[in-house]
Amino acid sequence: MAPDTVSLRYFLVLAQELNFTRAAARIGIAQPALSARMRRLETELGTALLVRDTRSVVLTTAGAALAESAPPALAALDRAWDTARSAAAGELGTLRIGYSLSAGAETAPALVDRLIRSSPGLEVGAVPMATPEISPAVADGRIDAGITRGEQPGRGVRRYLLRRARIGVQLAQHHPLAEHPEIEIADAAAYPLRLPDRAANPVIHDQLSALFRDTRPHPQFHTPAVSFDMSQRDLHDGVTLAPAGEAAITAQPAGLTWRPLRDAPGLTIHLVLPREQSPLHHRVRAVAKSLAHELHWLPD
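Residues numbered from 1 in each chain as written. Predicted model: local features only at pLDDT ≥ 70, side-chain atom pairs only at ≥ 80, totals over all residues. Heavy atoms only, no water.

S.K.: Hey, could you run me through the pattern of salt bridges in this one?
M.R.: Once their charged atoms are close, side chains differing in charge can pair, the charge on each being opposite to the other. Under the definition given, this model contains twelve salt bridges. A salt bridge links arginine 26 to glutamate 17, with the nearest nitrogen and oxygen atoms 3.0 Å apart. Judged by relative accessible area, which is 46%, arginine 26 ranks as partly exposed. Taking the relative accessible area as the measure of exposure, glutamate 17 reaches 22% and is therefore partly exposed. For the salt bridge of aspartate 113 with arginine 117, the shortest nitrogen-to-oxygen distance reads 2.9 Å. Here the residue aspartate 113 and the residue arginine 117 both occupy positions in helix H5 (residues 107-118), the gap between them amounting to four residues, near one helical turn. Exposure remark for aspartate 113: the relative accessible area of 37% places this residue in the partly exposed category. Since its relative accessible area comes to 53%, arginine 117 is described here as exposed. Salt bridges sharing common partners tie together Glu17, Arg22 and Arg26. (Salt bridge = Lys/Arg side-chain N within 4 Å of Asp/Glu carboxyl O. Buried < 20%, exposed > 50% of the residue type's maximum accessible area, 1.4 Å probe, protein only. Helix = DSSP H or I, 4+ residues; strand = E, 2+ residues; numbered from the N terminus.)

S.K.: Sorry, what's going on with the environment of phenylalanine 20 here?
M.R.: Its place among the elements puts phenylalanine 20 in helix H2 (residues 20-27). By relative accessible area, phenylalanine 20 is classed as buried at 9%. Those residues in contact with phenylalanine 20, other than ones at most four positions away along the chain, are Leu14, Gln31, Leu34, Ser35, Met38, Leu50, Arg52 and Val57. (Contact = heavy atoms within 4.5 Å.)

S.K.: Would you mind going over the sheet that holds strand E4 (residues 122-128) with me for this structure?
M.R.: The pairing of strands in a sheet comes from backbone hydrogen bonds and takes either a parallel or an antiparallel form. Within the open sheet, the five strands sit side by side as E4-E3-E5-E12-E6. Their pairing is mixed. Sheet topology places E4 and strand E6 (157-165) at the edges, where each strand pairs with a single neighbour. Averaged over all pairs of adjacent strands, the angle between strand axes in this sheet comes to 20°, irrespective of strand direction. Summarising the sheet, E6 and strand E12 (residues 267-274) pair through eight bridges and their orientation is antiparallel. Note on E12: the bridge partner recorded for arginine 158 is leucine 273. Relative to the sheet, helix H9 (residues 279-294) contacts strand E3 (93-99), E4, E6 and E12, its axis offset from that of E12 by approximately 160°. (Pairing = 2+ DSSP bridges. Axes fitted to C-alpha atoms, helices over the stretch in contact; angles between N-to-C directions.)

Scope: geometric values only; no functional claims are made or implied.
If you want it as structure tokens, here you go:
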């Protein structure tokens, strides 16, 4: 038979006080109720735990043994309950997050850090992935969550807007347009523009190229030989510009700067979760929502 843990906890208080009146007051119940609990506990165990008289309470040998062995057992039970509650709240387990390289400078690290700090029992691993691979990987369970730019296609997933960022251009600090706090789209279109390879990220390629659809003459687009070059060598020539979200400011090589494009629509970053979600997924969603609010990633 499973022990009556409430009565057992009451017994430990009584074992400390050795007085029914004081123990009942400390627990917050009536003395007759405490006496009834102790009689029921002794019946369950099949042995006397206390020797009572009108003036004192003395522990029997069994009572003394129980008073010594029960606290660590109850502590272990409390830990088991806490573990179960943490698991039900999505605060335990292993979380695998895939993120696009463009979200790796700021957005993904901020979310991973917040998840680790808010849930010490959660083991979080993050890996950069090609953007088109993220939603399918979430859908088939290879990863638990993803962070992508734009409305990436994919079945079996749900997308949650995590961040909205201004679009601008990266350019050399000595570029003539760097003198302006904002750059007109038509002015940027007069220079060669570097875009991500469409095969690697068709959504963002199309969104960025659409900014210049109405400019005349049409700008010269090119894609770098390396899909993600942290050195940004082609921008240091002082001619080429790279349309990019404002997160580019965070991880910007020396000699480059970023300026917003006037009247350009914003870029979006989404959290991708499976359609059928566990407590772990709900936890990620809640932390991401709180972080987006705290860091003003979304308009109020």
